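Fold and geometry: a report
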Amino acid sequence: MIDRQHSGTLGNEREELALIQRRFRFVVTVMLAIFLVLGWRFGTLQLGEHERYAARADENRIRLNAVAPNRGLILDRNGRVLAENRPAYRLAIVPERTEGLEETVERLSELVTISAEEQRRFQRQRMRQRRFESVTLKSNLSDEEVARLAVHRHQIPGVEIEPYLTRHYPHGELLSHVVGYVGRIDERDLRRLGREQYRATSHVGKTGIERHYEHLLHGQPGLERVETNAQGRVLRVIERQDPVPGEDLQLTLDLQLQDAAHEALGDYAGAVVVLDVHNGEVLALVSKPGFDPNLFVHGISQFDYSSLLHHHQRPLFNRFLAGGYEPGSTIKPFIALAGLETGAITPQTRVFSRGWFQLPGHSRRYRDWRRGGHGWVDLELALAESVNVYFYQLAVDLGIDRISRELALFGLGRATGLDLPGELTGVLPTRSWKRATFGEPWYPGETVITGIGQGFTVVTPMQLAHATAALAGRGQTAPPWLVVPTEPTRMVEHADADWAAVFSGLEAVVHGPSGTARAIAADVPVRLAGKTGTSQVFGRPGEAEGVDEREQDELPEHLRNHALFTAFAPFDDPQIAVVVVAEHGGGGARVAAPAAGKVIKAAAELGLMDKGEAP
């Protein structure tokens, strides 16, 4: 009995031992399988996918930062600086280091003036950045503000005074419509220029040369490879590729002549354009009044912008490119050339001016500027005295189609192609243009007043200067340019005798005994050719040029006629072409011609042309 019980116990123990052994072997097998799988996976990660995961780890640890390039300078033809990069300081706050952001801003407001606009801009920028990144509160600090902040900086945690380069225009208003200005980059700029190239750039060209040549002035951004922590804070710079600075641009402008042209206009709003007749270089380019472009660099205040926007003389308006004016009598030399070319007149053709002109079968009279008329005049005298009746008759004899073709050859009705944004084309009226614009036919009376540059014809000062340069070059000149040279082209062909006849009349405008601009002859050190003109603002066609000055003075300023003068000099070897427009100046002889005389005198004194034959 006992033996049987002992035998059963031993059997149970063996079974239990076998079970334990089986379980142990199973566990060992599973563990080995797990270790084999883990080992295989570790090997795959370490050997097969090491580069991919190492790169992903670096992406979390290594960051590429763009580095903004220095913007190129803008210089005049003699190397004088027109736009530069000037060291400046800005006030910035690192939010995470402050003891209270609102309290910090309030404390800083006690030390420097911080406008509501600057505070709004600060809040917008702060929302887009991390707490450990500095946010600009005020730019372009004065020396006094920097000193005041430096004294109290240790009392205000989280405040930084950061140095940087800012755009500066040392000549202010003088070149505002030529050089233009830079402003803070916005979403439209990024879409136009490309985000990749402008990741580190805060300002871009908004107008003028700054905008037109942005691609040259900006340069190429550099790169910094930096190590960061988990929060994105930069720990160290691993590698740096320096940015490529923008190109310096040298304009054809002469700063001293620009200043002389600006001063020559006096208190009048208007424009002055001076071109090199042979190669199209723009020597002076004035739109007056202008504005201080430095106001726009850091963001113009609402008050300052509103003041410019509502100023009665419109300082933001670019007159030499976008100002549209009736050419008045400055168009008469081109009408004369068309008449000579077609045989409608000869230099000896005489017309009697009784003080008015009348179309056959019409009751309306088109007045000459001189009451009582000029009597019998040939082409030279008609140009010298700006006889309206002569050109009324010539316009009728030519017809609007011939007139339009001749004016188109001299570039009217289309942009000159000057390398600046915003140029308008003016208006060169034709039958088809009037039909398309007004749905009306062309009437004979409209041809009459086109002959003296009134009616629908509209030119910009730049167009008129280009046409005057082509006239001075006897049909040949180059399109105007400031940075990139253009090639001279033959715009129009005329017989030498025709050019000579017109030139003789234009010389007599200044140097003849009865020329409309004879008063300036004694003040100009060169012999020149010129043409006065009046762009009518108020009154009936034909009454503008030469109207009694007292009548003009009695009118409100905004109703007075615009004064124009075109010229080229020296007469015997034309080198420069000049156009002056003085808004509400009353008459070309009274205001615009003396201004042009001052410009020509300055050009001669600066050596921008030879003096030629003595006047």
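Provided above is the structure to which this section pertains.
Being a predicted model, the structure only gives us computed values, none of them experimental. (Residues numbered from 1 in each chain as written. Predicted model: local features only at pLDDT ≥ 70, side-chain atom pairs only at ≥ 80, totals over all residues. Heavy atoms only, no water.)

This next bit is on helix H20 (residues 461-472). The first and last C-alpha atoms of H20 sit 16 Å apart over twelve residues, in line with the 16 Å expected at 1.5 Å per residue. Among the twelve residues of H20, twelve are classified as buried, and the element is accordingly described as predominantly covered. Those residues of H20 that fall on the buried side of the exposure criterion are Pro-461, Met-462, Gln-463, Leu-464, Ala-465, His-466, Ala-467, Thr-468, Ala-469, Ala-470, Leu-471 and Ala-472. Backbone geometry just after H20 places Arg-474 at a positive phi near 55°. (Helix = DSSP H or I, 4+ residues; strand = E, 2+ residues; numbered from the N terminus. Expected span 1.5 Å × (residues − 1). Buried < 20%, exposed > 50% of the residue type's maximum accessible area, 1.4 Å probe, protein only.)

Turning our eyes to something else, we now look at the environment of Gly-290. Inspection of the secondary structure assignment puts Gly-290 in the loop between strand E12 (282-288) and helix H11 (294-297). Here Gly-290 falls in the buried class, since its relative accessible area comes to 8%. Residues Gly-290 and Pro-315, 25 residues apart in the sequence, show an inter-C-alpha distance of 4.7 Å. In this view, Gly-290 contacts Glu-173, Ser-176, His-177 and Pro-315; residues no more than four positions away in its chain are not counted. (Contact = heavy atoms within 4.5 Å.)

So, about the sheet that holds strand E19 (residues 529-535). One open sheet holds the five strands; their spatial order is E12-E11-E21-E20-E19, and the pairing between them is antiparallel. Every other strand in the sheet has two partners, leaving E12 and E19 as the edge strands with one partner each. Across the sheet, the axes of successive neighbouring strands diverge by a mean angle of 10°, strand direction being ignored. Pairing geometry for strand E11 (residues 270-276) and strand E21 (residues 576-582), over seven bridges, is antiparallel. (Pairing = 2+ DSSP bridges. Axes fitted to C-alpha atoms, helices over the stretch in contact; angles between N-to-C directions.)

Let's shift gears to the side chain of His-466. The topology assignment puts His-466 in helix H20. A relative accessible area of 7% means that His-466 is categorised as buried. Apart from residues lying up to four places away in sequence, His-466 is in contact with Leu-275, Thr-416, Thr-477, Ala-478, Pro-479, Pro-480 and Met-491.

Moving on, we come to a nonpolar patch on the surface. A cluster of nonpolar side chains, contributed by Phe-26, Val-27, Val-30, Met-31, Ile-34, Phe-35 and Leu-38, occupies part of the molecular surface with about 660 Å² of accessible area. Secondary-structure assignment places Phe-35 in helix H1 (residues 2-48). (Patch = residues over 30% accessible without salt bridge, like charges linked within 9 Å, V, L, I, M, F, W, Y side chains within 5 Å. Areas by Shrake-Rupley, 256 points an atom, 1.4 Å probe, with all protein chains shown as cover. Salt bridge = Lys/Arg side-chain N within 4 Å of Asp/Glu carboxyl O.)

Next up on the list: empty space enclosed by the protein. Over the atoms, a rolled probe matching the size of one water molecule traces out where space is still vacant. Within the structure shown, the criterion is met by four cavities of 30 Å³ or more. Empty space within the largest cavity amounts to approximately 60 Å³. Secondary-structure elements contributing two or more residues to the lining of the largest cavity are helix H14 (332-342), H20, E19 and strand E20 (562-569). Among the residues making up the lining of the largest cavity, the classes are represented as seven nonpolar, four polar and one charged. There is about 40 Å³ of room inside the second largest cavity. Taken together, Glu-173, Leu-174, Leu-175, Ser-176, His-177, Val-178, Gln-258, His-262, Leu-285, Val-286, Ser-287 and Phe-320 make up the lining of the second largest cavity. For the lining of the second largest cavity, the elements supplying multiple residues, two or more each, are helix H6 (176-179), helix H10 (255-264) and E12. (1 Å grid on protein atoms, 1.4 Å probe; cavity = no way out; pocket = protein on both sides within 12 Å on 5 of 7 lines; lining within 4 Å. Points joined across faces, edges and corners; volume = space filled by probe spheres on them. Nonpolar A, V, L, I, M, F, W, Y, C, P; charged D, E, K, R; others polar.)

Here Lys-434 lies in helix H18 (residues 431-438). Residue classification places Lys-434 among the buried residues on the basis of a relative accessible area of 1%. Here Glu-446 takes part through its side chain, which lies 2.7 Å from a polar atom of the side chain of Lys-434. Ignoring sequence-local partners within four residues, the contact set of Lys-434 consists of Gly-439, Glu-440, Pro-441, Trp-442, Tyr-443, Glu-446 and Phe-456. (Polar contact = N/O pair within 3.5 Å; in protein donor to acceptor, adjacent residues only side chain to side chain.)

For the pair H14 and helix H17 (residues 400-409), the least separation of the axes is 9 Å and the interaxial angle reads 115°. For the element pair H14 / H17, the angle class is roughly perpendicular. In terms of crossing hand, the pair formed by H14 and H17 is right-handed. Contacts between H14 and H17 involve Phe-334, Ile-335, Leu-337, Ala-338 and Thr-342 from the former and Arg-402, Ile-403, Glu-406 and Leu-407 from the latter. Classifying every residue of the contact of H14 with H17 gives six nonpolar, one polar and two charged. (Parallel < 35°, antiparallel > 145°, perpendicular 65-115°, else oblique. Left-handed = near helix turned anticlockwise from the far one by under 90°.)

Moving on: the nonpolar core. Side chains of nonpolar character tend, in soluble globular proteins, to be buried together. In terms of nonpolar packing, the biggest core is built from 90 residues, with Leu-285, Phe-391 and Leu-482 touching the most fellow members. Per-element accounting of this core gives the leading share, eight residues, to H20. Here this core gathers at least three residues from each of two domains, domain 1 (66-250) and domain 2 (255-290 + 318-606). Those residues in contact with Leu-482, other than ones at most four positions away along the chain, are Val-178, Ile-209, Gln-250, Leu-251, Thr-252, Leu-253, Val-282, Leu-285, Leu-418, Asp-419 and Leu-420. Judged by nonpolar contacts, the second largest core, of 37 residues, contains Ala-517, Phe-565, Ala-567 and Val-599. (Core = buried A, V, L, I, M, F, W, Y, C linked by side-chain atoms within 4.5 Å. Domains from an automatic or database assignment.)

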